[in-house]
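Below, each chain spelled out in residue letters.
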Amino acid sequence: MSDTVIQVENLSKKYIIGHQQQERYTALRDVMANGAKSLGQRLLKPWGKQSANPAYEEFWALKDVSFEVKQGDRIGIIGRNGAGKSTLLKILSRITEPTTGRIRIKGRVASLLEVGTGFHPELTGRENIFLNGAILGMSKAEIRRKFDEIVDFAGIEKFLDTPVKRYSSGMYVRLAFAVAAHLEPEILIVDEVLAVGDAQFQKKCLGKMDEVGREGRTVLFVSHNMGTLKALCHSAILFCQGRILHQGITSQVVDSYLLYASGNRVSNGEMQWFDRQQAPGGKEVRLVAIRLLNPDNVVQRNFDAGKAIQVEIVYEIFESVRGMRLVVQILSNDGSIAFCSTDYAIRNTETTPGLYRTVCTIPACLLNSGLHFVKVHAGCPGVKILVECNFLLDFFVEKINHHGPLFSEKWPGVVAPKLDWQTYSI
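A word on empty space enclosed by the protein
Sizing a probe to match a water molecule and rolling it over the atoms shows the empty space that remains.
Part 1: Enumeration over the complete set of coordinates arrives at one cavity of 30 Å³ or more.
Part 2: Of the volumes computed, that of the largest cavity is approximately 30 Å³.
Part 3: As for the largest cavity, its lining consists of D304, A305, K307, I309, I362, P363, C365, L366 and L367.
Part 4: Residue composition of the lining of the largest cavity, grouped by class: seven nonpolar, no polar and two charged.

A few points about unusual backbone geometry
Part 1: Its identity is not glycine, yet D64 carries a phi of approximately 55°, on the positive side.
Part 2: With respect to the helices, strands and loops of the structure, D64 is situated in strand β2 (residues 56–70).
Part 3: Using a relative accessible area of 45% as the deciding quantity, one classes D64 as partly exposed.
Part 4: Despite not being glycine, Q241 has its phi angle at roughly 50°, a positive value.
Part 5: Take Q241: it is sitting in the loop between β8 (235–240) and β9 (243–249).

As for the nonpolar core
Part 1: Counting residues in each nonpolar core, the largest one holds 50 residues, and the members touching the most others are I78, I129, Y167, L175, F177, M209 and F221.
Part 2: If one sorts the elements of this core by residue count, helix α5 (residues 169–181) sits on top with ten residues.
Part 3: Among all residues touching I129, those that are not within four sequence positions of it are I143, F147, I150, V151, L160, L175 and V179.
Part 4: Within the second largest apolar cluster, 31 residues are counted, among which are W273, I309, I313 and C360.

A closer look at the packing of aromatic side chains
Part 1: Per the counting criterion, the structure on display carries five aromatic pairs.
Part 2: Measuring from centroid to centroid gives 6.4 Å for Y167 and Y172, while their planes differ by 85°, and the two rings are edge-to-face. Grouping residues by exposure puts Y167 and Y172 together as buried.
Part 3: Residues F303 and F395 carry aromatic rings whose centres are separated by 6.0 Å and whose planes lie at 90° to one another, so their mutual orientation is edge-to-face. You can see F303 sitting in strand β12 (residues 302–304) and its partner F395 sitting in strand β21 (residues 393–398), a full 92 residues away along the chain.
Part 4: Its relative accessible area of 2% is what places F303 among the buried residues.
Part 5: On the accessibility criterion, F395 (0% relative accessible area) is buried.
Part 6: Put simply, the rings of F119, Y167 and Y172 pair up and form one aromatic cluster.
Part 7: The ring of Y15 is capped by K13, whose NZ or CZ atom sits 5.2 Å from the centre of that ring.
Part 8: A cation over a ring is seen here: K63 above W60, with NZ or CZ 3.8 Å from the ring centre.

A word on the environment of I385
Part 1: In this structure, I385 sits in strand β20 (residues 384–387).
Part 2: Using a relative accessible area of 52% as the deciding quantity, one classes I385 as exposed.
Part 3: When the C-alpha positions of I385 and R325 are compared, they lie 9.9 Å apart, and in sequence the two are 60 residues distant.
Part 4: Those residues in contact with I385, other than ones at most four positions away along the chain, are H377, A378 and G379.

Focus: the packing of helix α3 (residues 125–135) against helix α4 (residues 140–154)
Part 1: It is the contact of α3 with α4, at a shortest axis distance of 10 Å, that shows an interaxial angle of 130°. Considered as vectors, α3 and α4 are oriented oblique to each other. Helix-helix and strand crossings are classified by hand; for α3 and α4 the assignment is right-handed. Across from R126, I129, F130, G133 and A134 in α3, the residues of α4 making contact are K140, I143, R144, F147, I150 and V151.

Remarks on the sheet that holds strand β18 (residues 354–362)
Part 1: Taken in spatial order, the four strands make up an open sheet running β10-β11-β13-β18, and their pairing is antiparallel. The open sheet has two edge strands, β10 (270–272) and β18, and neither has a second partner. Each neighbouring strand pair of the sheet contributes to a mean axis angle of 20°, computed without reference to strand direction.
Part 2: Both strand β13 (residues 309–317) and β18 contribute to a ladder of nine bridges, which runs antiparallel. Counterpart to Q310 in the pairing with β18 is T361.

Notes on a nonpolar patch on the surface
Part 1: On the surface, a nonpolar cluster with roughly 230 Å² of combined accessible area is contributed by Y15, I17 and F59.
Part 2: Topologically, Y15 is positioned in strand β1 (residues 4–18).

What counts, and at which threshold
Residues numbered from 1 in each chain as written. Predicted model: local features only at pLDDT ≥ 70, side-chain atom pairs only at ≥ 80, totals over all residues. Heavy atoms only, no water. 1 Å grid on protein atoms, 1.4 Å probe; cavity = no way out; pocket = protein on both sides within 12 Å on 5 of 7 lines; lining within 4 Å. Points joined across faces, edges and corners; volume = space filled by probe spheres on them. Nonpolar A, V, L, I, M, F, W, Y, C, P; charged D, E, K, R; others polar. Helix = DSSP H or I, 4+ residues; strand = E, 2+ residues; numbered from the N terminus. Buried < 20%, exposed > 50% of the residue type's maximum accessible area, 1.4 Å probe, protein only. Core = buried A, V, L, I, M, F, W, Y, C linked by side-chain atoms within 4.5 Å. Contact = heavy atoms within 4.5 Å. Phe/Tyr/Trp six-rings, centres within 6.5 Å; stacked < 30°, edge-to-face > 60°. Lys NZ or Arg CZ within 6 Å of the ring centre and 35° of its normal. Axes fitted to C-alpha atoms, helices over the stretch in contact; angles between N-to-C directions. Parallel < 35°, antiparallel > 145°, perpendicular 65-115°, else oblique. Left-handed = near helix turned anticlockwise from the far one by under 90°. Pairing = 2+ DSSP bridges. Patch = residues over 30% accessible without salt bridge, like charges linked within 9 Å, V, L, I, M, F, W, Y side chains within 5 Å. Areas by Shrake-Rupley, 256 points an atom, 1.4 Å probe, with all protein chains shown as cover. Salt bridge = Lys/Arg side-chain N within 4 Å of Asp/Glu carboxyl O.

On their own, these measurements won't tell you what the molecule is for.
Okay, here's the thing in structure tokens:
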């Protein structure tokens, strides 16, 4: 269709990975001997099947990826590290060629994939603005017209005539983004280099990308910040091992990513380890089970917002521990921490070996409706970590007997506490 600006069809990208051999070094005689051996095998069996070289392996960074992007779309690209996100952006930016498949792009593309790409370290900031702008396709007159705006956006006026090799990584990314964003491209492709900048600059960048989108131009944005992604992008694509796992509305794709990313998570409200050696922990403490319980002590995954939720932690202590605390973290569906709670205040003495059960109660009318996650951590503050939490339990909170059932829309915020309100006639 005429409003399609990016069309990707059966895109695949293959890399050859080399594996280091176990031998200490390779001498010239070894190279000659291996070459003679290979030649002899080909002469004796010219039509025979050649054995695979164990020193090399094929790796498909992308495999059969297809999607379309319409003009004015703001699309988030998410996935674990190594899922193929950056490879896709490099192909769309024409930095690398695909192995198979094809892409069609309509319009001028500006890419910000790595900090300071296209900068010359010996040149000053002023000179690099003209150099980088020319690399990105801007004319000299266009760069001059936007020069003051670029410098103001980057906030490097004092260092404009300083070689960029003396810039910090934050100054690098500010200047690089300023040039790319002011190119006025039809398509802006941004990898998560904005993590280098400070909070104020990140806010400025997001505002600029939002402005680009509202002007009818297209934005492709890779980020691990789910809150930023949901605020900026209308839709998203989730990548897993080089393939598209989910594509659709940003909030739904983010939920899929969080569920997928918590690989050790179970969805029935309970996680337990029957083999102590496989359980999280170490020689002092190991977890036995984590359960989500309703007020009747029944394990479940869906909870009424108007009733309490119990987080039950069962663990075994093998060696006496002094100053241990358990921490429960509740995360919202965008991955941000709603709140943390600890039992440290009740642990004033040494905890002796044995099997223990601790229950943390989340009061009724606290959590907002929606998907939430719980993480558990154990350690001695400032001393050592006893159980490092790298897994999640997910659960849903539903507005059944909530204090705001008359409101059909979801209340904003992670929590929706029932507070004490009083009105007096004066």
